[in-house]
Each structure stands twice: as C-alpha cells, then as structure tokens.
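Secondary and tertiary structure notes
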Amino acid sequence: MTGSVRRPEGGAVLTVTFQYYRDLPAAMAFYEHVMGFTLAIDQGWSKIYLVDGRSHIGLVDEARGMQNWAEAKTSQFCMRVSDVDEWYAWICHEGPEGLSALRENEELGIRAFTFLDPEGYQIEIQTAKPGH
C-alpha cells in the first residue's frame, strides 16, 4: 500500500488469547483457583482474566463464541515465571491431568513443565536458565 497510510503507533492496550470451553464454570474455577488469575472483564459468556501486565486469557462458552470447541487442541498457553520450582510444587499439589516432570531444555535455555487444563489445553510454566 502506498501513500500516507501507516501502521498505528502506541501498541496494544491489552492482549487476549481466547480458548473455547464446553464447561465454562469449570474452566473459570481452574484459572481462578489453580492459576490465580483475576477476572478482568466479564462479558457473560466470555470471561477475560488478567495474567499479568497487559497479557490476558479469555475463556469462551463454545456455544456462543466465534470458534467451536475441538477435542484436538492446537495451542499451548505458556507462562514464564521467576521461580519454576515454586510453581511446580503448587501445581503438583493441585494434581491436574497430564502433569509432566520438571525438565531442562538446553537448546531453549529453560526449565519447564506442562499440564492440562480441565478441557485439555496444555499449559507450560517455565523459567529462563541463567544467561538466557
């Protein structure tokens, strides 16, 4: 495109990644209790939770949302934290499905683990190794 049209400046006010659920109340309970996220925007059948800063995750009732619920999940929610060991102890205590061992990935320079939310979305929690 030519002319005086330019990309808007100023960045995003917030970002939201939406995931679609058959049982919205169960997903809400998980993200509030296990993950400790705070409901930031309640749109009825869409719940937007503050992760941190401008980052948000949206939980949508699949019967009302723009996408359909799908058994095969093709996205992962990843959260980088300062102390992955502390998070691992907490998540082990909560006992979600699909909990992996805490592992190191030298190529990526991280220590991380994964688990599943109530409807099968994978969550990864990671810490950068020193120097990364």
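Moving on, we come to the pattern of salt bridges. Oppositely charged side chains are able to pair whenever their charged atoms sit close together. Under the definition given, this model contains six salt bridges. Between K129 and E106 there is a salt bridge whose closest N-O contact spans 2.6 Å. Of the two residues, K129 is situated in the segment after β8 (122-128) and E106 in the loop between β6 (103-105) and β7 (110-116); the sequence distance between them amounts to 23 residues. Each of D85, E104, E106, R111 and K129 takes part in a single network of salt bridges with overlapping partners.

On the surface, a cluster of nonpolar side chains totalling about 260 Å² of accessible area is made up of V13, L14 and I41. Counting through the fold element by element, V13 comes out in the segment before β1 (15-21). With a relative accessible area of 73%, V13 lands in the exposed category.

In total, this model carries zero disulfides according to the counting rule given. Free of any disulfide, C78 has its nearest neighbouring cysteine sulfur in C92, separated by 17 Å. Residue classification places C92 among the partly exposed residues on the basis of a relative accessible area of 35%.

With that settled, consider the packing of aromatic side chains. The tally for this structure, following the rule as stated, stands at seven aromatic pairs. An angle of 80 degrees between the planes, with centres 5.1 Å apart, marks the rings of F30 and Y31 as edge-to-face. Judged by its relative accessible area of 9%, F30 falls in the buried class. With centroids separated by 6.4 Å and ring planes inclined at 55 degrees, the aromatic side chains of F30 and F115 adopt a geometry described as tilted. Of this pair, F30 sits in helix α1 (residues 24-34) while F115 is found in strand β7, placing the two residues 85 residues apart along the sequence. Accessibility classification places F30 together with F115 in one group, the buried group.

Within the open sheet, the four strands sit side by side as β5-β8-β7-β6. Their pairing is mixed. Of all the strands in the sheet, the pair left with one neighbour each is β5 (76-80) and β6. Averaged over neighbouring strand pairs, the angle between their axes works out to 30 degrees when direction is ignored. Packing of helix α2 (residues 84-94) onto the sheet brings it into contact with β5, β7 and β8, and relative to β7 it is tilted by some 20 degrees.

Quick look at the sheet that holds β1 now. Strand order across the open sheet formed by four strands is β1-β4-β3-β2, with mixed pairing between neighbours. Among the strands making up the open sheet, the edge pair consists of β1 and β2 (38-42). Taking the axes of each pair of neighbouring strands and ignoring which way they run, one obtains an average angle of 30 degrees across the sheet. Sheet topology note: the β2/strand β3 (residues 46-52) ladder contains four bridges and is antiparallel. Opposite T38, over in β3, you have L50 as the bridge partner. Along the sheet, α1 makes contact with β1, β3 and β4 (55-61), crossing β4 at roughly 160 degrees.

Quick notes on the rules
- Here the residue numbers are simple positions, counted from 1 along each chain's written sequence.
- With the structure being a predicted model, the display of local features is reserved for residues of pLDDT at least 70 and the display and counting of side-chain atom pairs for 80 or more, all residues being used for whole-chain, interface and lining totals.
- Only hydrogens and water are removed before side-chain values are computed, so all heavy atoms of the structure are retained for them.
- The working definition used for a salt bridge is a side-chain nitrogen of Lys or Arg within 4 Å of a carboxyl oxygen of Asp or Glu.
- Counting from the N terminus, the helices are DSSP H or I runs at least four residues long and the strands are E runs at least two residues long.
- Only residues above 30% relative accessible area that lack a salt bridge enter a patch, with like-charged residues linked at up to 9 Å and the nonpolar side chains Val, Leu, Ile, Met, Phe, Trp and Tyr linked at up to 5 Å.
- To measure how exposed things are, a 1.4 Å probe is used in the Shrake-Rupley method; for residues, cover is taken only from the protein chains shown.
- Each residue is placed in one exposure class: buried if its accessible area under a 1.4 Å probe, protein chains only, is under 20% of its type's maximum, exposed if it is over 50%, and partly exposed if it falls in between.
- For the purposes of this analysis, a disulfide is any pair of cysteine sulfur atoms at a distance within 2.5 Å.
- Pairs were defined over the aromatic rings of Phe, Tyr and Trp, the Trp ring being its six-membered one, requiring ring centres within 6.5 Å. Orientation was assigned from the angle between planes: stacked under 30 degrees, edge-to-face over 60, tilted for the rest.
- Here, a strand pair is defined by DSSP locating no fewer than two bridges between the strands.
- Axis lines are fitted through C-alpha atoms, for helices just across the contact stretch, and the angle between N-to-C directions can take any value from 0 to 180 degrees.
- Throughout, a residue-residue contact means that at least one pair of heavy atoms, one from each residue, lies within 4.5 Å.

So far we have only geometry, and geometry alone does not tell us how the molecule works.
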